[in-house]
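As a plain string of letters, each chain reads:
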Amino acid sequence: MSPKSKKLFNIIMLGVAFMFMFTAFQTCGNVAQTVITNLNNTNFHGSGYTSMAIIYGVFSASNLISPSVVAVVGPQLSMFVSGLFYSIYIAVFIQPFTWSFYTASVFIGIAAAVLWTAQGNCLTINSDENTIGRNSGIFWALLQSSLFFGNLYIYFAWRGKTHISESDRRTVFIALTVLSLVGTFLFFLIRKPEESKTLEEEVSATDESIVDNSSVQSKATRAVDAFKSSIKLYFTKEILLLSVTTAYTGLELTFFSGVYGTCIGAVNRFGTEEKSLIGLSGIFIGIGEILGGGFFGLVNKDNRFGRNPVVMLGIVVHFVAFYLIFYNIPNDAPIASFEGTDNRAYMNPSKALAIFCSFLLGLGDSCFNTQLLSILGFLYSEDSAPAFAVFKFVQSICAAVAFFYSNYLLLQWQLLIMAVVGFFGTISFFTVEWEAAAFVARGSDYRSI
């Protein structure tokens, strides 16, 4: 197998492993609050929103140390161990207790930081400036296929149900736990690419004296260097601007992965299909993500137009989705009780419109995330792990904030917050991309940033 073929194989295997893991985890997140409100065990007092807030809060803090962990352990083993913690979190729902639910939320937050930092490193060392856009699209399409498969099962398993029994819950989460473990073990099929830089080499490459002495450099020193690289990146102009865009992806991630499905499941006017519609919503979010990731991966082969048109499409699609959701879904749906809500918005709730909005949410999300992965991998090809750690730090802390306020804010205010942050995030991305084009026109290299 040629070096190029080996790198493409690694990207595909990385995407397939994440597809299995996140078929389990994203399906779990999509139905968690609905499952919890249907628990017969009165001793359980957990909240799906609170759990996700804990996960993303710990996730954000852990991104400060995750580059150091990956530098010492390596990306492959880092992803494997993180995958085990994802499986444990999902398994908690088989027989949930409040203490185990929240404890697992803390550990998966730490694991997520390490997992995504290692993923960014793996994506970058298997790409170059000509393939980073294509590889980002391939990875994103495979990853988001998880939304399709997991939620397809939920749709058929819960079709016609107005209450989720213990038997239903256990069957679903046993299957999801097995899927997560399968994805975890697939990380061992990723091969080390030839003539590529690992995180250890990236860190040492920042200083010539470190390069000369890399053979005797201690793991502790490499970990400290990776941590310092992360801190320095936080205060660069490019990262500060991209942080606004990243913040928006964190807010809308919370909305489509946890809040919107709960809203649909709470609308009593949808009748006996309200619970199965949660699964159908997830399927169409996944279809939007897959189509967007696949298409924009192909578009990135020809980079004449840059990344801005894709991001512009993403924000327009999301603004249309927000307006239609505001028009279709009752305002109290995110915080409705177990009985759901009988209220209406500005029209009788439409199932077809609700599912169409799911597709738009997924399509818009793929626009933003594929382009963020692409520009980060290109800008920081020599320092990828700290860059992706910063990206996930900002994204996860905003997701944690959004999951927290989702317990209290009506739908209209959640949509307004996303619209405002999305607008400024788009402008910030445009600024970075315009400057990037200027660097290329002058024959510059992003390594000078």
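Scroll up for the structure.
These figures come from a predicted structure and were not determined experimentally.

S.K.: Explain the overall build of the chain to me, and be specific about the residues and the numbers.
M.R.: Per the secondary structure count, the chain includes 16 helices and zero strands. If you sum the accessible surface of the chain, you get close to 17300 Å²; carbon and sulfur atoms cover 66% of it.

S.K.: Explain the environment of F423 to me, and be specific about the residues and the numbers.
M.R.: Looking at the element boundaries, F423 is found in helix α16 (residues 411-441). Once the C-alpha coordinates of F423 and Y248 are considered, the two residues, 175 residues apart in sequence, prove to be 8.9 Å apart. The residues contacting F423, other than those within four sequence positions of it, are I315 and F319.

S.K.: An account of helix α2 (residues 48-62) is requested, with residue identities and associated values reported.
M.R.: The end-to-end C-alpha separation of α2 is 21 Å, in line with the 21 Å expected for 15 residues at 1.5 Å each. Listed in full, the buried residues belonging to α2 are G48, Y49, S51, M52, A53, I55, Y56, F59, S60 and S62.

S.K.: Give me the lowdown on the packing of helix α3 (residues 66-73) against helix α5 (residues 98-125), citing residues and values where you can.
M.R.: In the contact formed by α3 and α5, the axes pass within 9 Å of each other and the chain directions differ by 65°. The crossing of α3 and α5 is right-handed. Two secondary-structure elements touch here, α3 through S66, P67, V69 and V70 and α5 through A113, V114, T117, A118 and N121. Looking at the contact of α3 with α5, its residues break down into six nonpolar, three polar and no charged.

S.K.: Before we move on, could you go through the nonpolar core and cite the residues and values that matter?
M.R.: By size, the foremost hydrophobic cluster in this structure holds 114 residues, and its most contacted members are F18, Y89 and W116. With 15 residues, the top contributor of residues to this core is helix α1 (residues 3-37). With sequence-adjacent residues up to four places away left out, W116 is seen in contact with F18, F22, F59, Y86, F139, L143, F388 and K392.

S.K.: Quick one: what's the story with the pattern of salt bridges, residue by residue and with numbers?
M.R.: Applying the stated criterion across every chain yields a total of one salt bridge. E433 serves as the salt-bridge partner of R307, at 3.0 Å between the closest nitrogen and oxygen. Highlighted residues: R307 in the loop between α12 (276-299) and α13 (308-328) and E433 in helix α16, separated in sequence by 126 residues. Note on accessibility: R307 and E433 belong to one class, buried.

S.K.: Account for the packing of helix α4 (residues 75-91) against α5, naming residues and giving values.
M.R.: Running from N to C, α4 and α5 cross one another at 150°; their axes reach a closest spacing of 8 Å. Compared by their axis directions, α4 and α5 come out roughly antiparallel. When you trace α4 past α5, the crossing you get is left-handed. Residue composition of the contact of α4 with α5, by class: 16 nonpolar, five polar and no charged.

S.K.: Talk me through the packing of aromatic side chains; I want residue IDs and the actual numbers.
M.R.: Summed over the entire model, instances satisfying the criterion amount to 27 aromatic pairs. Taking 5.7 Å as the distance between ring centres and 5° as the angle between the ring planes, the aromatic pair formed by F18 and F22 counts as stacked. Residue F18 and its partner F22 are both found in helix α1; the two are separated by four residues, about one turn of the helix. Here F18 and F22 have matching classes, each one buried. With 4.6 Å between their ring centres and 45° between their planes, F80 and F188 make a pair best called tilted.

Calculation notes
Residues numbered from 1 in each chain as written. Predicted model: local features only at pLDDT ≥ 70, side-chain atom pairs only at ≥ 80, totals over all residues. Heavy atoms only, no water. Helix = DSSP H or I, 4+ residues; strand = E, 2+ residues; numbered from the N terminus. Areas by Shrake-Rupley, 256 points an atom, 1.4 Å probe, with all protein chains shown as cover. Contact = heavy atoms within 4.5 Å. Expected span 1.5 Å × (residues − 1). Buried < 20%, exposed > 50% of the residue type's maximum accessible area, 1.4 Å probe, protein only. Axes fitted to C-alpha atoms, helices over the stretch in contact; angles between N-to-C directions. Left-handed = near helix turned anticlockwise from the far one by under 90°. Nonpolar A, V, L, I, M, F, W, Y, C, P; charged D, E, K, R; others polar. Core = buried A, V, L, I, M, F, W, Y, C linked by side-chain atoms within 4.5 Å. Salt bridge = Lys/Arg side-chain N within 4 Å of Asp/Glu carboxyl O. Parallel < 35°, antiparallel > 145°, perpendicular 65-115°, else oblique. Phe/Tyr/Trp six-rings, centres within 6.5 Å; stacked < 30°, edge-to-face > 60°.

Honestly, it's all geometry; don't read function into it.
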